[in-house]
Every structure is written in C-alpha cells, then in structure tokens.
Amino acid sequence: MDIELFFQQLANAISLGSLYALIAIGYTMVYGILRLINFAHGEIFMFGTYIAFYAMTSFLLPWGGAFLIAIVLTVIFGLLVERAAYKPLRNSPRMSVMISAIGTSFLIQNLAIVIFGGRPKSFPVPDLFNTVIHLGNISIVSITFITPIITAIVLVFLLYIVDKTKTGMAMRAVSKDYEAARLMGIDVNWVITITFGIGSGLAAIGGIMWGLKYPSLLPMMGLMPGLKCFIAAVIGGIGNIRGAVVGGFLLGLIEIMLIAALPALTGYRDAFAFVLLIVILLIKPTGIMGKNIAEKV
Amino acid sequence: MRDRKKVLTLIFLLVTIIAVAVLNFTLDSYKLKIITLCGIYIILGLSMNLINGFTGLFSLGHAGFMAVGAYVSALLTMSPALKDTVFYAAPINPFIKMIQAPFPVALLIGGIITAIIAFLIGAPVLRLNDDYLAIATLGFSEIIRVILTNTQTLTNGSLGLKGITRYTNMWWSWGIAIVTIFFMIWLVKGMYGKAFKAIREDEIAAEAMGINLFKHKIMSFVIGAFFAGIGGGLLGHLIGTIDPNMFRFVLTFNILLIVVLGGIGSITGTVIAATAVTILMEVLRFIESPISLGAIHIPGIPGMRMVIFSLMLMGVILFYPKGLMGRNEFNWDYFINKKFLKSKKKSV
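The rules behind the values
Think of each chain on its own: its residues are numbered from 1, step by step along the sequence as written. Here the convention is simple: chains get letters from A, ligands get numbers from 1, in the order in which they are written. Side-chain atom pairs in this predicted model are given and counted only at pLDDT of 80 or more, local residue features only at pLDDT of at least 70, and totals for whole chains, interfaces and linings cover all residues. Computation of side-chain values: all heavy atoms of the structure, hydrogens and water removed. Under the scheme used here, helices are H or I runs from DSSP no shorter than 4 residues and strands are E runs no shorter than 2 residues, and both carry numbers assigned from the N terminus. Our radius of gyration is a C-alpha quantity, and the globule rule it is checked against amounts to 2.2 Å times the number of residues to the power 0.38. The cut-offs for exposure are 20% and 50% of the maximum accessible area for each residue type, with area from a 1.4 Å probe on protein chains only; residues under the lower value are buried, those over the upper are exposed, and the others partly exposed. In this description, contact between two residues means that some pair of their heavy atoms is separated by no more than 4.5 Å. Values of accessible area rely on a 1.4 Å probe in the Shrake-Rupley scheme; residue burial ignores everything except the protein chains shown. Residues counted as positive are Lys and Arg, residues counted as negative are Asp and Glu, and His and the chain ends are not counted. Charge positions come from single atoms, namely NZ of Lys, CZ of Arg, CG of Asp or CD of Glu. Just to be clear on terms, a salt bridge is a Lys or Arg side-chain nitrogen sitting within 4 Å of an Asp or Glu carboxyl oxygen. Axis definition: a line fit to C-alpha positions, over the contact stretch in the case of helices; interaxial angles, taken between N-to-C directions, run 0 to 180 degrees. For this classification, under 35 degrees means roughly parallel, over 145 means roughly antiparallel, 65 to 115 means roughly perpendicular, and everything else is oblique. A quick way to say it: buried area is the sum, across both parts, of accessible area lost when two parts are put together, with a 1.4 Å probe. What qualifies as a polar contact is a pair of N or O atoms within 3.5 Å, subject to a donor-acceptor requirement within protein and to the restriction that residues adjacent in sequence count only when both atoms come from side chains. Here the nonpolar group is Ala, Val, Leu, Ile, Met, Phe, Trp, Tyr, Cys and Pro; Asp, Glu, Lys and Arg are the charged ones; every other residue, Gly included, is treated as polar. Take the number of residues in a helix, subtract one, and multiply by 1.5 Å to get its expected span. Geometry of aromatic contacts follows a simple scheme: Phe, Tyr and Trp rings, the Trp one being its six-membered ring, pair when their centres are within 6.5 Å, and the pair is stacked under 30 degrees between planes, edge-to-face over 60, tilted otherwise. Here, nonpolar core means buried Ala, Val, Leu, Ile, Met, Phe, Trp, Tyr and Cys residues that are tied together by side-chain atoms lying within 4.5 Å of each other.

What to know about the overall build of chain B
A tally of helices and strands in chain B yields 17 helices and two strands. Against the compact-globule benchmark of 20 Å for 348 residues, chain B has a radius of gyration of 21 Å, which places it among compact chains. Buried positions account for 53% of the 348 residues belonging to chain B. Of all intrachain contacts in chain B linking residues separated by at least 6 positions in sequence, the fraction that spans at least 24 positions is 78%. Carbon and sulfur atoms form 70% of the exposed surface of chain B, whose accessible area is close to 15,800 Å². Considering chain B, the positive charge centre built from 29 side chains and the negative charge centre built from 15 side chains are found 8 Å apart.

So this is what it looks like as structure tokens:
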C-alpha cells in the first residue's frame, strides 16, 4: 500500500469511525440508564434518514430545514417507542424487555417496508457534502471531513450536558443507582425521556450522515449499522460516552484498514465487528474504558 | 394411576400416528407441506426453549445452528454428479464431493456437527450473561452466514445448494418431533433439568448449591443446537434449495415468537404455538398477494405478515408475558381430576 492510498483510506476510516461513534453514543447512553439493549436504535436511525429523504423530495424543503425536521420528528418517534415498548416493562425480567426490543425493531422494519416500500430510494446529496477536495494526489469527498467535525461538536455538547448541568448529574445518578436516585427525589422517568430523546436525535444525525455517505435507502438499512454500533459501544465500555467514541473509531479503523491491507477479506467485512466483540468480551468484558464491577449477591 | 397415565399416553401416541397416516393420504401436497413444517418448527421451538426457557440463557443463534445442520446434511445426501452440476461457479472440494450418506445418517451427522460447533462457540461465550450473550450468539450466527457466503468451494457461496432430494415427509418430521418432545420431557424432569431450572432462577444460588454452572450451561446449549441442526437439515430437505440468505435473523425471530407465544419454559406451549404459528404464517400469505374479487382489485401489501407477527410478539410480551401456558405443562392428572379438583394444576 503506497502512502497516498494509505491517507485516503485513513480519511475514510476516520469518517466511518466517527459515524459509528455518533450512533454508538446513543446506545451507550440508553444502556447506561436503562440497562437495556435498544435493539430498535438501528430502526430509529433508519426512520430519521427516510424522514429527511421525504422532506427533501416530496416536500421540496431546503436541506437544512429538512434535516432539522427529520431530527425533531425522530426524537418524537424515539420517545413514542420508549413509551410504548419499554416503559410498561420497567419492572419485568430482562428477557421480557429484550424480547420487546427485538419485537419493536422488527415491527418498525416491516412497517417501513409496508409504508416506504421495499425498493431502494436514492438520497439526494446537496452539493456542500458532495464536493471533491483535492489534496495533492488524494481526492476526498467533503462529507468525509464533515462527519468527524459534527461528531466532535456533538461530543463536546454532550460531555458538557452530562458533566456540567443538573440534568447531567441526574443522568449520572440514575445510571449509578436507579433506586437510590429515585429516593433522592430525581424524576427518573424524566431522565429516561431526556436520554432517549438525545439518543434518538443522535441516531437521526447519524442516519442523515449515513444517507449522505451511502445514498441508497432501504428499510433494512438500520440493521447492520445498529448491530455494529452496539458492538462499538460494548468495545469502548458500555455506559461510557468517551468509550463509545473510542469503540466507534476503533471499529471504523479496523474495518477499513483490514480490507485495504487484505482485499481478499472483503466478503468477511461484516464479520469483523463480531469477531472483535468476542475477543474484547473474552479479554476485558467491561470494554476498553469500562470499570470492573463485582456482582452483588 | 401411573399405569393409567402410561396407557393414556400410548393411546395418544397411537392416535397421532393414525392421524399422520390419515392426513398423509387425504391432504394435497401443499397442505401436507405445511403440516410437515409444523413438525419441524416443533423441533426448533423445543430446542430454543431448552436454551432460553429452561436454562434462562438468552441465545439468538438459532438461525446459524440451523444453517450448519442444513448445509452439512444436504451436502451429505447430494450425489457427486449432482454436486458437480450445482457447483458450476467454483469447483467443489474433492473430499466434500465424494462423501455421501443416506438421509437419516446425514441428519444425524448434521446435528452432531452443529453440536460440535455450538460447543466451540459456547465454551468462550457462555461465560457472558444476559444481553452480552444475546449479542454474541447473534454475532456468531451472522458470522456463520458470512462464512457460508464466502467459502465457495465448500458451500457454493451465495448461489446456495439446489436440487436437494426432498426426503422430508410427514413421517420424518413428526416422528423426530415426537422423539424430541419425549426427550425434552425426560431431560427437563430429570436431574439435569432441575439443574437447568436452578440456573435459570438464580445462578449464584445454583452455584452455591454445588451445580457446575459451565457444565450445565454448555450441555443445554449443545443439546439445543443439536436439535436445531436436525431441524435445519429437515427444513433443507423439505424445501429442496438452501442458500445463506435463508438463515437471516428473521428465522431466529420466528422461533422466538413460537417460544414466547407458547410460554417461555413450557414444552406443551411450544408444541401448540409452533403448530399455530406455522399454519398462521401460511394462512396470512393472502395479505401479501393481490386479491381480485371480480372487478375489485386489492393490491398485496408486502411485509404485512411480519408486521402482524411482530405485533403479536409485542402484544404477548406487553400484556400477557406468560404466553399461552406460562410454565405449565399438559398433564393427564389435570384431565383425570378435573371434575374434583378444578384449581389443582400442577406446574413443573
């Protein structure tokens, strides 16, 4: 691999990694508070992309407005999912909650097939995101630069909320000890709503970025990114926002670089994430940045 | 009393066999295929219920296990000449080409190889619990699918295997289903079953009581995978073609639906739900195909069937989490004593 190709691939890897990171943060925040794999996160992501698509094509909105509406509607959608599928099961065994999450994920996917149709739709990419930038012999599409910048902005914003604000303190308290937080007068349901809203908003931003990068929309498009980003969150240490970012970048880097180095493995691309997950779980089950917590009897 | 129950069970078995024979002669091939499929789904549902319901391990790897069973048994029953014509894109591995076995042996080998793979997967993964186990097993099932797509000389890649002789009939599927039912009853009622249930209820307490967690978890996992492999083999020989795309997560979802609907941890429930869901899956096909009533044309709605099934799963888990049977089983005592002791339902 020559040096130019290497930098080209590195730019791709960082761009994909920051996209993974963006979605993984949503997973990690919800898991941190509810101890629940939100299987429907990938479907919320898909929903956001489709809304942006319809806002731009059917309602002919400018892309800025379309993206904003998509994010707002996806947040509302995410909150509805939480209210309908997870809230009634707050005191049920974990297996029930997980089955409900899987059911929700399938329901949204198949409703999307019924409503949006099973054929791929092509996402209109505004010029701003589609300009090719030449740096010496390397040419890179501008979306490759924009994604990491947006992820960085979102990360700073989130870290500010979680570390500095009162809501953030409540979030941390709920994630440490659900019962104790409630006894201290924290409105746990409000914290869960906020968390789900933020997670869904991030899924929408991630979905729009995904659409700009890979402009072919399918109802099943959320499945693989959803699984991979959950894996990224686990690799980084689930419940930890910085960990999710590390995991996302690591996954993006490994995926792109392994294929660039060994093109024979291209067919196995979707398996990398799972192999990495299993390796991490066996070496350090709490993830790279996770803390070890002893099981209480 | 015991003899009476044995006699009743024997009569019940006899009636089932007669029913299979009668149905075999009277129904057309399409309906026969559905009933055969019911038997296969009973096997698959029971195998998942053993892992998820009785041992409390939330595993989502069933589609992968079925894929292994289906591919191994299909490659064993196909003749070398047939394999040559099917593998036109890339030549088949010569060893795989020559090896051949009769159908029952092929099924058994398919099950055993699935069990071996489950052991290799389970040894590292069963140390995890809850959500991590679910994601890791789901991951393995996806890896199996990716491997099947990419090993062209062994599995013919994404083209899949075609022209598999349709050996699976009513006798095979229901015969194996009945054997599976009795094996599961024996296993769950026995010493091992008690250990499985103890692990399900409280892992730490079970360990403190001297139950070897790892041994029992892997045992349940491997036995479940064995039957899933046999179910996969039967399915492959019923449909006649298999390809990696058949074994997506949807397949695991269908079996999970059966287990949840019937009651997580109930053999009887799984048997009833497997039959009901399989028949419903075929009955509901009409929604997805266009209907024309004289002058009125209603276009089919693709995807609607799965919407109904996901709503069913959600409905059961949200409003009636016990499912059809909860953890109860069908019991002759209940029928015999029904008149005298209405509320005394024995739960296992």
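Additional details are given in the paragraphs that follow.
Topic: the overall build of chain A
Helix and strand counts for chain A come out as twelve helices and four strands. Taken against the 2.2 N^0.38 rule, which gives 19 Å for 297 residues, the C-alpha radius of gyration of chain A at 19 Å falls within 12% of a compact globule. Along the first, second and third principal axes, the C-alpha set of chain A runs to 60 × 45 × 35 Å. Put simply, chain A has 297 residues, and 54% of those count as buried. Counting only carbon and sulfur atoms, one obtains 69% of the accessible surface of chain A, whose full area is about 13,000 Å². Side-chain charges of chain A comprise 19 positive and 12 negative groups, with the mean position of each set lying 8 Å from the other.

Describing the pattern of salt bridges
For the structure on display, the rule yields 13 salt bridges over all chains. Two residues, aspartate 28 of chain B and lysine 31 of chain B, come together in a salt bridge whose shortest N-O distance is 3.8 Å. Relative accessible area serves as the criterion here: at 39%, aspartate 28 of chain B is assigned to the partly exposed category. Notably, a salt bridge pairs arginine 200 of chain B with glutamate 201 of chain B, separated by 3.1 Å at the nearest N-O pair. Residue classification places arginine 200 of chain B among the buried positions, given a relative accessible area of 18%. Classification of glutamate 201 of chain B as partly exposed rests on a relative accessible area of 49%. Among the charged side chains, a network of salt bridges with common partners joins Lys228, Glu255, Arg269 and Asp270 of chain A.

A short note on the packing of helix H10 (residues 191-201) of chain B against helix H12 (residues 213-239) of chain B
Residues and elements named next belong to chain B. The contact between H10 and H12 brings their axes to 10 Å, and the two run at 105°. In terms of orientation, H10 and H12 fall into the roughly perpendicular class. Contacts between H10 and H12 involve Tyr192, Ala195, Phe196 and Ile199 from the former and Leu213, His216, Lys217, Met219 and Ser220 from the latter.

Quick word on the interface of chain B and chain A
Accessible area lost upon the coming together of the parts is a frequently used measure of interface size. The interface is formed by 41 residues belonging to chain B together with 43 residues belonging to chain A. Overall, the association of chain B and chain A removes approximately 3,600 Å² of surface from exposure, summing both partners, and the carbon and sulfur fraction of that is 82%. Where chain B packs against chain A, one counts zero salt bridges. Put simply, chain B and chain A have one residue pair in polar contact (both at pLDDT 80 or more) between them. Secondary structure elements with two or more residues in the side of chain B that touches chain A: helix H7 (130-150), helix H13 (249-262) and helix H16 (304-319) of chain B. The greatest single-element share of the side of chain B that touches chain A, amounting to 14 residues, is contributed by H7 of chain B. The residue inventory of the side of chain B that touches chain A, partitioned by class, reads 30 nonpolar, seven polar and four charged.

Focus on helix H2 (residues 41-57) of chain A
Across its 17 residues, H2 of chain A extends 25 Å between first and last C-alpha, which sits within 8% of the 24 Å expected from 1.5 Å per residue. Across the 17 residues of H2 of chain A, 15 count as buried, placing the element largely inside the fold.

Some remarks on the packing of aromatic side chains
What characterises a pair of aromatic rings is the spacing of the ring centres plus the angle enclosed by the ring planes. All names here are of chain A. Counting across every chain of the model gives 22 aromatic pairs over all chains. Both rings, one in phenylalanine 67 and one in phenylalanine 129, keep their centres 6.3 Å apart while their planes meet at 45°; by these two values the pair is tilted. With phenylalanine 67 in helix H3 (residues 63-86) and phenylalanine 129 in helix H5 (residues 127-130), this pair connects stretches of sequence that are 62 residues apart. The residues phenylalanine 67 and phenylalanine 129 share a single accessibility class, namely buried. Seen in terms of ring centroids, tyrosine 86 and phenylalanine 196 are 5.8 Å apart; in terms of plane orientation they differ by 50°. Their pairing is tilted. Linking tyrosine 86 in helix H3 with phenylalanine 196 in helix H9 (residues 188-213), this pair joins segments that are 110 residues apart in sequence. Feature note: the residues Tyr20, Phe45, Trp210 and Tyr214 constitute an aromatic cluster, connected by ring pairs.

Focus on unusual backbone geometry
In this structure, arginine 35 of chain A is a non-glycine residue whose phi angle is positive, near 55°. One can find arginine 35 of chain A in the loop between helix H1 (3-34) and H2. In this structure, asparagine 156 of chain B is a non-glycine residue whose phi angle is positive, near 70°. Relative to the helices and strands, asparagine 156 of chain B is located in the loop between helix H8 (152-155) and helix H9 (170-189). Among the residues examined, asparagine 156 of chain B registers a relative accessible area of 1% and is labelled buried.

Some words on the nonpolar core
Ranked by size, the top nonpolar core spans 200 residues in total, and within it Ile25, Phe39, Phe67 and Ile102 of chain A together with Phe58, Leu161 and Phe247 of chain B carry the most contacts. A total of 15 residues in this core trace back to one element, the largest contributor, which is H1 of chain A. Residues within four places of leucine 161 of chain B in sequence aside, it is in contact with Tyr71, Ala74, Leu75, Met78, Val86, Phe87, Thr155, Asn156, Gly240, Thr241 and Ile242 of chain B. Core analysis: the next-biggest nonpolar cluster, separate from the first, contains five residues, Ala195, Ile199, Ile211 and Leu213 of chain B among them.

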